[in-house]
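Residue-level structural notes
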Amino acid sequence: MNHRDRAKLPNLVRAMQSRWLQEVGAHADDLGKLQEHWAGATIPEEFLQFLRWSDGGRCVFPLGYLDLWPVASIITLNDDYLIRRYLEDAFIGIGTDGGSTLIALDLRPPLHGHVTSFDLGNLDISQGKPVAESIGDLFQRLDNGLLTSDSLQS
């Protein structure tokens, strides 16, 4: 990766030692559809910046795995898994640990942008497990081995 490509990396990825498997960045129209779908809440800007750079993607961290969904899948899978039915507009599911653990962003004002994990088989809001203060914090904690696949499970 040359210096110019490195400069385009979002800070949350630039600081990682693990290699993020990047997808083509999301189109502005798709990001608009995502925000429209959650019209009652504001999606954290840090996550939108990440999606502009990589529309989803995945990474094998030292002790964990993260698979973030592309915008179209975020909309579809939140509906298919009934995430909004159980978690309402308080959370937006953005991916998994590669298995049955949902990774979700908290959209409520006091915890806006915090990351919570849920068992996809038990989407009870009271069963959520706070795992990071932001998507960048999640990446850093996984990259440093402070979070593992086991510790993501709720």
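Structure first, text after, so check above.
The sections below set out a description of the structure shown in this document. (Residues numbered from 1 in each chain as written. Predicted model: local features only at pLDDT ≥ 70, side-chain atom pairs only at ≥ 80, totals over all residues. Heavy atoms only, no water.)

The next thing to look at is the sheet that holds strand β3 (residues 64-68). Reading across the sheet, the 7 strands line up as β1-β2-β3-β4-β5-β6-β7 and stay open at both edges, with antiparallel pairing between neighbours. What marks the edges here is a single partner per strand, and that holds for β1 (21-22) and β7 (129-132). Judged from the 5 bridges that link them, strand β4 (residues 91-96) and strand β5 (residues 101-106) form a sheet pairing that is antiparallel. Counterpart to Thr96 in the pairing with β5 is Leu102. (Pairing = 2+ DSSP bridges. Helix = DSSP H or I, 4+ residues; strand = E, 2+ residues; numbered from the N terminus.)

Here the focus is the packing of helix α3 (residues 28-37) against helix α5 (residues 71-80). At a minimum axis distance of 9 Å, the contact between α3 and α5 shows a crossing angle of 25°. The pairing of α3 with α5 is recorded here as roughly parallel in orientation. Considering only the axes of α3 and α5, their crossing is left-handed. For the pair formed by α3 and α5, the contact residues are Asp30, Leu31, Lys33, Leu34 and His37 on the first element and Val71, Ile74, Ile75 and Asp79 on the second. Here the residues of the contact of α3 with α5 sort into 5 nonpolar, 1 polar and 3 charged. (Axes fitted to C-alpha atoms, helices over the stretch in contact; angles between N-to-C directions. Parallel < 35°, antiparallel > 145°, perpendicular 65-115°, else oblique. Left-handed = near helix turned anticlockwise from the far one by under 90°. Contact = heavy atoms within 4.5 Å. Nonpolar A, V, L, I, M, F, W, Y, C, P; charged D, E, K, R; others polar.)

Relative to the elements of secondary structure, Trp20 occurs in the loop between α2 (11-14) and β1. The sequence separation of Trp20 and Asn78 amounts to 58 residues, and the corresponding C-alpha distance is 23 Å. Setting aside chain neighbours within four positions, we find Trp20 in contact with Val13, Phe50, Trp53, Ser54, Gly56, Gly57, Arg58, Cys59, Leu66, Leu68 and Phe139.

This paragraph deals with the packing of aromatic side chains. Within this structure, the stated rule accounts for 8 aromatic pairs. Consider the rings of Phe50 and Trp53, whose centres lie 6.0 Å apart with planes at 55°: the pair is tilted. Pair noted here: Phe50 and Trp53 are both in helix α4 (residues 45-53), with a separation of 3 residues, about one helical turn. When sorted by exposure, Phe50 lands in the same class as Trp53, which is buried. (Phe/Tyr/Trp six-rings, centres within 6.5 Å; stacked < 30°, edge-to-face > 60°. Buried < 20%, exposed > 50% of the residue type's maximum accessible area, 1.4 Å probe, protein only.)

For the rest of this paragraph, the subject is the environment of Thr116. With respect to the secondary-structure elements, Thr116 resides in strand β6 (residues 115-119). By relative accessible area, which is 7% here, Thr116 ends up buried. Residues Thr116 and Leu138, 22 residues apart in the sequence, show an inter-C-alpha distance of 9.7 Å. Setting aside anything within four residues of it in sequence, one finds Thr116 in contact with Phe91, Leu102, Ile103, Ala104, Gly128, Lys129, Pro130 and Val131.

To continue, consider the pairing of β3. The buried fraction of β3 amounts to 4 of the 5 residues, a majority that puts the element mostly inside the structure. Turn length for the strand β2 (residues 57-61)-β3 hairpin, with the two strands adjacent in sequence and antiparallel, is 2 residues.

Before going further, it helps to examine α5. All buried positions along α5 are accounted for by Val71, Ile74, Ile75 and Asn78. On an axial view of α5, the arc spanned by its buried residues comes to 95°, and they lie on one face. Of the residues in α5, the exposed ones pointing more than 90 degrees away from the buried face are Ala72 and Asp80. Once α5 finishes, Leu82 follows within two positions and takes phi at roughly 60°, a positive value. (Arc of directions from axis to C-beta.)

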